Amino acid sequence: MDEENSPLVKAEPGDDSDQQSDETESCIKDMLQEMQSKERIKRPQAATVPASIAPATAVPEQSTPQEHDENSFYNVHSDKLQSLKMCTGELDIVLEPKLAGPVYNAANLTLDRALLNRADMWHQVIVHHGNGCTRQKILEALFGSYSYCDFFPVAYRRHANADFFLLRMCSQVLLKMFEEGLQLKAGSMTLPISVRLGAARFHTGQIFPRQTITKAVQERCDNAAQYGDIAVLNLDSFAEHASLRELCVYLGNRAQFEVVCSAIAQAMDGNACISRLRLANNDISHMSLLAALKDTKLISLDLRGNRIKHPSSLRLLKDIPLVELYVEGNNLTDVPDYEKIIRSFFPNLLKLDSNLTQTVTTKAVRDDAEEEEEVEITSPGTVITEADLNPGAFQKYNITPHWHKVTVHHNGVCNKQDILDGLFHLLGKHAFYPCYYKTYSKQDEFLVQNCFEALLFLVKQKLKLPIPAYNTVLKLALAMNVAEASDTDVQPLRKLERFVNKRFKLGCLDLCSMQDELNECKVVDFCAKSPSTLAYMLEFAARKYGNSCLVLRLRNNDLRNCAALESLSKFYKLVSLDLRSNALSKISDLQGIPWNNITELFLDNNPLCGTMRSSVEYVRKVRQYFGMLQQLDGRTLLGNFTYCQNFLCTPEAYKFAESFVKHYFALFDSFQRGDLQELYHAKAQFSMTCDFDIERSGQQLDAQLDRQVSYSQHSRNLLQFKDSLDRAVSKLIVGNERIGYVLTSFPKTEFDFCSFRIDVPVFTPERVMITVHGRMHEDEVSALGQVSYIGFTRTWYLQPCGMGTNLFHDAIEYKIHNDMLHMYSMTVEGNDAIGGRNEATPVAENGMDTSMQSDDSDRENAMIVFKELTQLNRAWCKRCLEESSWNLKVALNIFLKLYESKRIPKIAFKDDIP
């Protein structure tokens, strides 16, 4: 049928346009009654015996049908009569297999077209699923296959092995079923279909799909107040209407939606109160049918949760004078600039989803002074009192674009910050931006706009605001529509967008410590830790920077959960996430983080770090949310999370360095420290330097000074011995026996393996150089309840000295030929939680924080961006950046010159080994 020339509703009883159809059906009915009376006359007289005299065996055929059992087995080839009782009150439909045609299946596709086209017959469609497919999936497959055909399944019945339903006047669907070989594709499954034509006779009083749908729409219209609002025709999830239980309704089917649109137009013409239409959650995709409403007084249309693919399909509705439109939950929202496209169709549109469109301006830049103009209250508005706390009646304010006033009665008990904290805590999940806040002695007031969901929540809370800090509950008052909106009014969401734009630079979105800067907004009060506020900023950033953002920082925002981080899945190139110094108290607070490609994560200085019993548990639980994680809290994840291998010139050095470092420091911490001399060559050299200030005095430091002297007496700082080089030479320790003696003279220590950072700049068959940076503490001080940390840097130069014996085979034996050690003092601190730092963070004597230098984060960001742009491994990235003094632009120029001159080896582009 030609869609453009077809009427909205096909001929059906009750319409002026289908009088001819009524007359035809009446004639058919009279003919059927005459044929049935003739058949009764021809029947044997025994068949007319009264029921009281009839044999007992005849009773079951006339007994009341049993309730349908979905677990029963359905016999397709049974000849017994089956009465289908309609739970919605229509006349029962009786299946008569003996009078029907044969059962068609994939092996028998030669159908009787005359019987197929008869309007007085029900046809039975049987889907064989063997209990391997649900009813929902079967219906989705059916409607997906026949979305453009007249398809009205009736009396759907579920059985253990097969489901069946009836069709009448749906010949196009049946023909397609036969053309497709009576097979239904449901996902990866192919279900066989059987069809029995003429399975039951149609009688007046039985269900008529088009009339049933029309009556259901009219019922919603007549009882609009019961469904939310007298001005709203609420067809949300229309298929769940009680009168449609015997009819499978799916408005993604064009024919069914055509009937609904015709019924809507008819209902709105007869009801002057209806001006808003809600069609959410109906799988609607055919927008052209809604054009039938162009002559109605419709001003608000809710199409959320449907299947509209592109905003251009709404062009057909441009003649409808819409003021409000909802399209969230449709695929069209994934189209770039979809809002701009939709607004071009509806010039009078004031509201699109949760955004006001009236305040959209064509100016490229707007002055903050314009946004901060005071809103003039022109009306006392409609005051909401306790008697008006009806959520249903409050729905009428959903459409208004005006300003509303919120008054908080505190009687001087609370200040502004307490009130805002209480509001944001109560309304954290809803968009809520207090504007033009004014403080008075006994009450505060502010204006809000486009925050209907938050206001509705307050109405449901009986306009009461708990203030936990004061253990009290404040009363609120609402005055609706106190001022009209204008172009010069503040736009909170635009402020957040500008804030995000300002914080994005060189692939890094820096949202650290947001509250301080947000507090500088003179007109709007924002809450950085509000899930709704943060979610909007991240959603905006994902749309604009999703393909270029590599680093996301969220430090110092007092975040208590990660519910607002759902948009992380749209940051397609994000590799680093910083959540340090927040209020995440348990590992489950990370819930809400979607699947991601993040390889670097910072969680230290969160309370959850102190709840972990071991580093192994810490890593295992964090990896549940970050499957691609390679670095946690600045440390590379290596098996059991022991220490960080920072720079290794070749992959073969990893295992060697790990084994050597572990073996050396395990001996150093044990009572067998003297065995270390066996690791040194007979002519090995050992030198050390330290910068301990032994000139300090004080009884509390006497013991510590004594221990530091044991190190200082071997120090050979050349700057101190510049006038006596002979003395400096004498401090050089030569020979493995002397080295062993000096090492055993040092106090007993314990090294912090989690602080280690290992470099292997040289690794060849002839020589190996290993450098370790880290810290240690002395057992004597630990016994007193404190931990005196000493920082150190140690470099070994090793050479092979022959073959040794390994556990299973011979191996090359290495000896230390040169050992250089530098030691420096650090602050005293208590027990340090895994992944977290206490107040006494390790600090060098110059007062600089050794773990968090001011430019460390900037350098790491530059490293990530440079690596992403050049595809070099980390070692070569560091080399280029260091040669350019960590200037990213200069480093890129260096890379281009080296690349063009073919001076970069292929190994530089090989991935780092995790």
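The structure presented is a predicted model; accordingly, all values stated were derived computationally and were not measured.

A. Representation of empty space enclosed by the protein in the model. One pass over the structure, following the stated rule, counts three cavities of 30 Å³ or more. Of the volumes computed, that of the largest cavity is approximately 70 Å³. Every residue lining the largest cavity is listed: F665, F668, Y711, F746, F751, M776, F792, R794, L821 and M823. Sorting the residues of the lining of the largest cavity by element identifies α17 (653–669), β34 (787–805) and β35 (810–829) as the ones contributing at least two each. Taken together, the residues that form the lining of the largest cavity break down as nine nonpolar, no polar and one charged. Looking at the second largest cavity, its volume works out to about 50 Å³. K351, Y397, N398, T400, H404, N450, C451, F452 and L455 together form the lining of the second largest cavity. Per-class residue counts for the lining of the second largest cavity are four nonpolar, four polar and one charged.

B. Spatial organisation of the sheet that holds strand β21 (residues 504–505). Taken in spatial order, the seven strands line up as β21-β22-β23-β24-β25-β26-β27 in an open sheet, and their pairing is mixed. Strand pairing shows two members of the sheet lacking a second neighbour, β21 and β27 (635–636), which therefore form its edges. By the bridge criterion, two bridges tie strand β25 (residues 600–602) to strand β26 (residues 631–632) in an arrangement that is parallel. Each residue of the ladder has a partner; that of E600, found in β26, is Q631.

C. The arrangement of the packing of aromatic side chains in detail. Scanning the model with the defined rule gives 34 aromatic pairs in all. Plain terms: the ring middles of Y433 and F526 are 5.8 Å apart, the flat faces sit at 65° to each other, and that makes the pair edge-to-face. Highlighted residues: Y433 in the loop between α11 (416–426) and β17 (435–439) and F526 in the loop between α14 (514–518) and α15 (531–545), separated in sequence by 93 residues. Exposure class is identical for Y433 and F526. Each is buried. Members of the aromatic cluster, each reached through a chain of ring pairs, are F660, Y664, F665, F668, F751, F756, F792 and W796. Here R304 stacks its cationic end above the ring of Y326, 4.4 Å away from the centre of that ring. Seen from the ring of F602, R580 lies directly overhead, with NZ or CZ sitting 4.2 Å from the centre.

Here is what the cut-offs are and how they apply
Residues numbered from 1 in each chain as written. Predicted model: local features only at pLDDT ≥ 70, side-chain atom pairs only at ≥ 80, totals over all residues. Heavy atoms only, no water. 1 Å grid on protein atoms, 1.4 Å probe; cavity = no way out; pocket = protein on both sides within 12 Å on 5 of 7 lines; lining within 4 Å. Points joined across faces, edges and corners; volume = space filled by probe spheres on them. Helix = DSSP H or I, 4+ residues; strand = E, 2+ residues; numbered from the N terminus. Nonpolar A, V, L, I, M, F, W, Y, C, P; charged D, E, K, R; others polar. Pairing = 2+ DSSP bridges. Phe/Tyr/Trp six-rings, centres within 6.5 Å; stacked < 30°, edge-to-face > 60°. Buried < 20%, exposed > 50% of the residue type's maximum accessible area, 1.4 Å probe, protein only. Lys NZ or Arg CZ within 6 Å of the ring centre and 35° of its normal.

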